[in-house]
Amino acid sequence: MTGAAAPGRAPPTSSEQPTVTEVLTVSLDLSIDSGGLEAASRDRRGSGGGVAGEEASTSGRTATTTATSGHGAAAAAAATQLAGHPAIARAASILAEGGVVAIPTETVYGLAANALSAEAVGRVYAAKNRPADNPLIIHVSSLAMLAGLYPPGWELPPIYEPVLRDLWPGPLTVLLPRSPLVPDAVTCGLPTMAVRMPAHPVALALIAACGFPLAAPSANSSGRPSPTLAKHVAADLGGGVIPLILDGGACSCGVESTVLDALRSPPAILRPGGVTREALVGYRGLEALQVYRKDFTDAALEAAPTTPGMKYRHYSPTAPVILLDPSPPAAAATAAATAAAAAAGATAANGADSSHSSSANGHGSGDGEGLGERLRQATEALLAEMAGSALEGWRPIPALAGSVVTASSSSSGSSSSGCNGSSSRSVPLDPPTLELASRLAGGGAVGVLRTSLAGAPPGLLQRAPQAKTAAAAAHSQVDDGERGRSSGSGGVGGGEGAGTRAVAAQRVIEYVLGHVSRPAEVATELFAGLRALDEAGCVVIVVEGVADEGAGVAVMNRLRKAASRVVHV
Ligand code: TXA
Ligand code: MG
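Residues numbered from 1 in each chain as written. Chains lettered and ligands numbered in written order. Predicted model: local features only at pLDDT ≥ 70, side-chain atom pairs only at ≥ 80, totals over all residues. Heavy atoms only, no water.

S.K.: Please provide a residue-by-residue account of the overall build of the protein, values included.
M.R.: Looking only at helices and strands, one finds 19 helices and 19 strands in the protein. Counting the 569 residues in the protein, one finds 55% classified as buried. Pairs at least 24 apart in sequence give 72% of the contacts found in the protein among residues at least 6 apart. Surface exposure of the protein reaches about 21,300 Å², of which carbon and sulfur atoms provide 55%. (Helix = DSSP H or I, 4+ residues; strand = E, 2+ residues; numbered from the N terminus. Buried < 20%, exposed > 50% of the residue type's maximum accessible area, 1.4 Å probe, protein only. Contact = heavy atoms within 4.5 Å. Areas by Shrake-Rupley, 256 points an atom, 1.4 Å probe, with all protein chains shown as cover.)

So this is what it looks like as structure tokens:
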């Protein structure tokens, strides 16, 4: 393809904006037995946040997961089956007219517009309320489409060739020299542009049908957790804010693409995502690949609105998030020492604090049991502290007024906690926390995103009040009938420990992300979990983290950005 023309007719003005958001479901029925891929569609219309319901999303989940679980080729093959699909044709016509459409990808839902039209791209920023200086990723359906963005004779920088051959379509975005056809609205004036080929049949089929690339940020309101279900998009952008959502089921990856900058030296992952560093580092030229903020920092990048920067709020539910981080503080820090260690070939996080287990330092994935237990205990302690404080009236602890608490496993030490002496760690209570306390004291619910439970399927968990242990509750008290509801009555079971008993007066709503030793599973559920607890009315959300390695790097990156407080456990 070559640069497609800007839209042929004037897009609707704001006064013509529809008041409903149409939701069209594109489900793929992939049957191995039949030896082929069958595409079926079911049209749904929603109004006001009108959403494809659980049923549609659930039915889409299986098919989409099958099509995109790391198999870009399968996604590409499935995409060809969708050519001419009525929902895709409808989306393509809106996009060709300069409109925006929310689309499924294997990472998260994206809000797409013609990447070659500044006017169309402007509507993306407006719908999301996205700051105008944060550039967008361009999505292509073929290498030919990418080549068509450049003058004749252009060649892909050699360092990317084998990577893209192997990993596209897939959750990998690469920085390339900016194409002259791409408007400033997409790149925000940068000399580079970010491009990826998504491994989702619906996205691929749609881009191919359009014949032009699509600029698409995540389809959430700016600052909110990214959407991994069509209903998340509708919650943020329904009610006519955008005209159409294509529902392709649940996103199989669950976190955004990895952003790779191999134009810089040494090459760097600017945003960890669906493709791990381990999957990239074996490629020629990527041997010294660094991960931003894990291996190095850069003042200019930090201040920039682009990928790694902290300039803008990210991934945040309404409720404040307290992250239980199993990595030692040094792993999350950005010291020059870590960059120097990385340059010397050492792993930056190593050796920072010998009191932490090897798993916390990034090399102990076999230690899932110990890590899970540590997280479970930390959650207990935190719940106990919250309950105690809510009952007594929260009081600030001056010595701990910072945003980070480093809690060792011992309750002794320099803590000036005025709280219950049996608690092993303390949380700093600042003015916003005081407000939180009053809401807790008034019966507000505490949400817990769990990674330490074994045996419970992902999703909302309701425990019976008499459950003996966490594991027993997970095994015996969860069934389909209970999931999806959150009565909040009773809190967690009486056998869990002092913390849990102390919090009995509180409502505790739990959501199981996945086991701490399976970070890819945790990634898939992460944003859905944050949104579910928010929706359930939690006034604070406690999140159990995972080890900062492999697929866990992207998870912890998102959680650290979402967290208003990090407690190292
Ligand atoms: O998985 C994904 O990448 C999803 C799906 C929809 O494809 N998209 C996504 O887009 O996450 P967004 O806008 O939420 O995040 C794109 C990130 C932003 O942080 C932006 O700053 C960065 O990519 N970015 C875009 N162009 C860039 C550039 N030229 N240099 C550095 N960062 C860039
Ligand atoms: Mg985003």
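S.K.: Break down the nonpolar core for me, citing the residues and quoting the values.
M.R.: In terms of nonpolar packing, the biggest core is built from 90 residues, with L206 and L246 touching the most fellow members. Element by element, the count of residues in this core is highest for helix α8 (residues 201–210), at seven residues. When sequence neighbours within four positions are dropped, the list of residues in contact with L206 reads I88, A91, A92, L95, I103, L214 and L246. (Core = buried A, V, L, I, M, F, W, Y, C linked by side-chain atoms within 4.5 Å.)

S.K.: Give a description of the confidence of the model for the protein that names residues and reports values.
M.R.: Across the protein, the average pLDDT comes to 75, with 65% of residues at or above 70. Scored below 50 in pLDDT, residues 466–496 makes 60 contacts in the model with residues more than four places away or belonging to other chains. Segment residues 501–505 is flagged for pLDDT under 50; beyond a separation of four residues in sequence, or across chains, it makes seven contacts in the model. (pLDDT = per-residue confidence, 0-100.)

S.K.: Let's hear about the pairing of strand β10 (residues 258–261): which residues, and what values?
M.R.: Burial along β10 is two-sided: T258 and L260 facing one way and V259 and D261 facing the other are all buried. Bridge analysis of strand β6 (residues 172–177) against β10 gives three bridges, and the strand direction is parallel. From the neighbouring strand, V174 faces β10, where its bridge partner is L260. (Pairing = 2+ DSSP bridges.)

S.K.: Break down helix α18 (residues 519–535) for me, with residues and values.
M.R.: Residue pairs three or four apart in sequence face the same way in an α-helix, which turns once every 3.6 residues. Over its 17 residues, α18 extends 24 Å from the first C-alpha to the last, a length consistent with the 24 Å expected when each residue adds 1.5 Å. At E525, α18 is bent by approximately 45°, the largest bend along its length. In terms of burial, α18 is largely enclosed, as 13 of its 17 residues are buried. After α18 finishes, the residue G537 shows a positive phi value of roughly 90°. (Expected span 1.5 Å × (residues − 1). Bend = angle between axes of the 7 residues up to and from the residue.)

S.K.: How would you summarise the pattern of salt bridges if you had to cite specific residues and measurements?
M.R.: Considering all chains together, one arrives at 16 salt bridges under this definition. Residue D534 is joined to R224 by a salt bridge in which the shortest nitrogen-to-oxygen separation is 3.1 Å. A residue pair is termed long-range when its members are at least 10 positions apart, and D534 in helix α18 and R224 in the loop between β8 (214–215) and α9 (230–237) qualify at 310 residues. With a relative accessible area of 22%, R224 lands in the partly exposed category. Between K294 and D548 there is a salt bridge, with its nearest N and O atoms 4.0 Å apart. With K294 in the loop between β12 (290–291) and α11 (299–303) and D548 in the loop between β18 (538–544) and α19 (552–562), this residue pair connects regions lying 254 residues apart in the sequence. Residue classification places D548 among the buried residues on the basis of a relative accessible area of 4%. In the salt-bridge network here, residues are joined through shared partners; they are R224, D236, R531 and D534. (Salt bridge = Lys/Arg side-chain N within 4 Å of Asp/Glu carboxyl O.)

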